Amino acid sequence: MARLFRAALAALALTLAAPAQAGEAEDIRAVIERQLDAFQRDDWAGAFAFASPGIRGMFGTPERFGGMVRGGYPMVWRPSRVEMGPLEQGPRGPVQIVYFTDARGAVHVAAYEMVDIGGEWRIDGVRIRRMADAAV
């Protein structure tokens, strides 16, 4: 019963959230790709600029942000392969799915939560799971 209630609540949230406009998908993907490019160059200030104000406030500095990425998300920092998946609609806005293959060949699914800040897309959070653990 509780599972059915959660599923109905999730469906309602998806229905109420505004769908992304046609050109927004490309803009959202470009923001993520630019941040990934900055990670490849260890350009933490550049990568930090694509984070939402909430994420920037949480970490405070590009260096702290970089430390979190290097230490906790090596599959994002140094992926062997990246593939963009579908753009989905989450309860708070667009969610871009991205598939990362790490150095060992394991595939990870990332859900990038996006937010529009003054007409610019910013990354407002990322949830990552190994493909075997992900409910995709």
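Look a little higher up for the structure.
These numbers were taken from a predicted model, which means no experiment stands behind them.

Another aspect to go through is the pairing of strand β2 (residues 93-101). Burial within β2 is extensive, with 9 of its 9 residues counted as buried. In this structure, the hairpin formed by strand β1 (residues 81-90) and β2 is closed by a connection of 2 residues. Linking β2 back to strand β3 (residues 107-117) in an antiparallel pair, the connection comprises 5 residues, with glycine 105 at a positive phi of about 95°.

A few words on the layout of surface pockets. Where empty space is left can be seen by rolling a probe of water-molecule size over the atoms. Put simply, the second largest pocket is a space of about 260 Å³. Elements with a minimum of two residues in the lining of the second largest pocket: α2 (22-40), α4 (53-59), α5 (62-72) and β4 (120-130). At 4 residues, β4 tops the list of elements feeding residues into the lining of the second largest pocket. Classifying every residue of the lining of the second largest pocket by side-chain character gives 14 nonpolar, 2 polar and no charged.

So, on to unusual backbone geometry. For aspartate 42, which is not glycine, the phi torsion reads 55° and is therefore positive. When you line up the elements, aspartate 42 lands in the loop between α2 and α3 (44-48). We classify aspartate 42 as partly exposed; its relative accessible area is 35%.

When you line up the elements, aspartate 102 lands in the loop between β2 and β3. Buried charge without a partner: aspartate 102 forms no salt bridge, and the closest opposite charge is arginine 130, 5.3 Å away. Within the structure, aspartate 102 has its side chain in polar contact with the backbone nitrogen of arginine 104 (distance 2.9 Å). Dropping the residues within four chain positions of it, aspartate 102 is found in contact with Met75, Ser80 and His108.

The rules behind the values
- Residues numbered from 1 in each chain as written.
- Predicted model: local features only at pLDDT ≥ 70, side-chain atom pairs only at ≥ 80, totals over all residues.
- Heavy atoms only, no water.
- Buried < 20%, exposed > 50% of the residue type's maximum accessible area, 1.4 Å probe, protein only.
- Helix = DSSP H or I, 4+ residues; strand = E, 2+ residues; numbered from the N terminus.
- Pairing = 2+ DSSP bridges.
- 1 Å grid on protein atoms, 1.4 Å probe; cavity = no way out; pocket = protein on both sides within 12 Å on 5 of 7 lines; lining within 4 Å.
- Points joined across faces, edges and corners; volume = space filled by probe spheres on them.
- Nonpolar A, V, L, I, M, F, W, Y, C, P; charged D, E, K, R; others polar.
- Lys, Arg positive; Asp, Glu negative; His and termini not counted.
- Salt bridge = Lys/Arg side-chain N within 4 Å of Asp/Glu carboxyl O.
- Polar contact = N/O pair within 3.5 Å; in protein donor to acceptor, adjacent residues only side chain to side chain.
- Contact = heavy atoms within 4.5 Å.

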